[in-house]
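Report on the structure
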Amino acid sequence: MKLIPLLATAALLSAGAASAQTVFTASSWVPPTHTLSMAQKSWCDLLEKESAGRMKCNILPKSVAAAPGTFDAVRDGLADISYTVDGYTPGRFVFTQLAEFPFLGDSALATSVAYQHLYAKHFAPLGEHRGVKVLAVFTHGPGIIFNSKQPVKTLDDATKLKFRIGGGNINELSKLMGFNTTLKPAPDSFELLSTGVMDGTFFPDESIASFKLNMIKHATTFPGGLYNTSFVFMMNPAKYNALSAQDKAVVDKISGEVATRIFGEGWDKVDAASRELQKTQGVARIQADDSFIKAVAAKQAELEDKWAAAAAAKGLKDPKAVLAEFRAEIKKVK
């Protein structure tokens, strides 16, 4: 006769445990097979493991917003977790442009970890991403000029073609260089190139495979990359603030460099795989000539002066020293 009350009590306890679990909605604006989506899932799996199942993610089958609207979507609670490209909303973020300059390095991991260190030290205290809980910042691999028409070795070659770009510093640099570019999110690339609206795109190696850009036949590299892209991985602040102290500690433990390394290592891996795929696709790979590289460096120097002035106006002390610190930090990352 005592069995029924015991079973009822066990059922109530089980229901209470289930209701105590925190579920985060996670949104991604690229396909599930993209390294960004996979890195976000890896982080969510780590969250569930480190919290002994108290927290988990519900990865949505469709993004809650297009890439440029993702920051506001997380801020406003349409999704609890996601990431975005800072440059998709031109002029909104200033400090993040530091991670987008040319010639930074040839590894997403190195630039990402160095960027996370600099961000935590200099930018987070100044509220660069005010409105969200920043879990990590990171970059993709070195930016390359890809196109379907002709080899691009010189500046003159580049000015003859139309390119899709993703925003940020490369948008400003392209204007100074005289490139014919259009600012569009990465997922639009296949349609733009397959229909001939654009001749090429500025991308890291990874994207040729991820977005199935089989029309690409030419790649132009630069030492350390023509550009980089700054990403922010973030959480809705109200969702974070509602967590227990124990669960906040778990989120904090796997944020910062831990999360950054997940994204950076994932990107380097798919960059390498895509380079092998490009060989089978017949992509001809060349490096920009010295005059092209020097022209980029000269125009970028103007942009770094402009960035330093804007960053100082927002409260960053000695921006040029911070930039030098960033470049030195990249070389230290293992």
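Being a predicted model, the structure only gives us computed values, none of them experimental.

Below, the discussion takes up the overall build of the protein chain. In terms of helices and strands, the protein chain carries 13 helices and eleven strands. Taken over C-alpha atoms, the radius of gyration comes to 22 Å for the protein chain, in line with the 20 Å a tight globule of 334 residues would show. C-alpha extents for the protein chain along the principal axes are approximately 90 × 45 × 35 Å. Within the span of the protein chain, comprising 334 residues, buried residues form 51% of the whole. Taking the contacts inside the protein chain whose residues are at least 6 apart along the sequence as the reference set, 79% of them involve residues at least 24 apart. A total accessible area of about 14,500 Å² is found for the protein chain, and carbon and sulfur atoms account for 58% of it.

This part takes up the state of the cysteines. On inspection of all chains with the given rule, the structure shows one disulfide. Across the disulfide, C44 is cross-linked to C57 (sulfur-sulfur distance 2.2 Å). The S-S bond linking C44 to C57 shows a torsion near -80°; that makes this disulfide left-handed. Here C44, found in helix α2 (residues 35-50), pairs with C57, found in strand β2 (residues 55-59); they are 13 residues apart in sequence, far enough to count as distant.

A separate point is the packing of helix α4 (residues 108-123) against helix α11 (residues 257-281). In contact at an axis separation of 8 Å, α4 and α11 are set at 160° when each is read in the N-to-C sense. Taken together, α4 and α11 sit at an angle that is classed as roughly antiparallel. The handedness of the crossing between α4 and α11 is right-handed. Together, A108, L109, S112, V113, Q116 and H117 of α4 and E257, T260, R261, G264, E265, W267 and D268 of α11 make up the contact between the two elements. Split into classes, the residues belonging to the contact of α4 with α11 amount to four nonpolar, five polar and four charged.

Here we take up the nonpolar core. Within the largest apolar cluster, 45 residues are counted, with the highest numbers of intra-cluster contacts made by W29, L36, W43, L47 and F233. At five residues, the largest contribution of residues to this core is made by α2. The next biggest cluster of nonpolar side chains, apart from the first, holds 30 residues, and it includes F101, L118, L323 and I330.

Moving on, we get to the pairing of strand β7 (residues 180-183). As judged from the four bridges shared by strand β6 (residues 162-165) and β7, these two strands associate in the parallel manner. The residue of β7 that forms the bridge with F163 is T181. Taken together, β6, helix α6 (residues 169-177) and β7 form a β-α-β motif whose crossover is right-handed.

Quick look at the pattern of salt bridges now. For the structure shown, the criterion picks out 21 salt bridges. A salt bridge links D72 to R75; the shortest N-O distance between them is 3.3 Å. With D72 and R75 both in helix α3 (residues 70-75) and three residues apart, the pair spans about one turn of that helix. Taking relative accessible area as the criterion, R75 reaches 34% and is therefore assigned partly exposed. Its salt-bridge partner being K160, residue D156 comes within 3.5 Å of it at the nearest N-O pair. D156 gets classed as partly exposed once you look at its relative accessible area, which sits at 46%.

Thresholds applied
Residues numbered from 1 in each chain as written. Predicted model: local features only at pLDDT ≥ 70, side-chain atom pairs only at ≥ 80, totals over all residues. Heavy atoms only, no water. Helix = DSSP H or I, 4+ residues; strand = E, 2+ residues; numbered from the N terminus. Rg over C-alpha atoms; globule rule 2.2 N^0.38 Å. Buried < 20%, exposed > 50% of the residue type's maximum accessible area, 1.4 Å probe, protein only. Contact = heavy atoms within 4.5 Å. Areas by Shrake-Rupley, 256 points an atom, 1.4 Å probe, with all protein chains shown as cover. Disulfide = S-S within 2.5 Å. Axes fitted to C-alpha atoms, helices over the stretch in contact; angles between N-to-C directions. Parallel < 35°, antiparallel > 145°, perpendicular 65-115°, else oblique. Left-handed = near helix turned anticlockwise from the far one by under 90°. Nonpolar A, V, L, I, M, F, W, Y, C, P; charged D, E, K, R; others polar. Core = buried A, V, L, I, M, F, W, Y, C linked by side-chain atoms within 4.5 Å. Pairing = 2+ DSSP bridges. Right-handed = clockwise from strand over helix to strand, strands pointing away. Salt bridge = Lys/Arg side-chain N within 4 Å of Asp/Glu carboxyl O.

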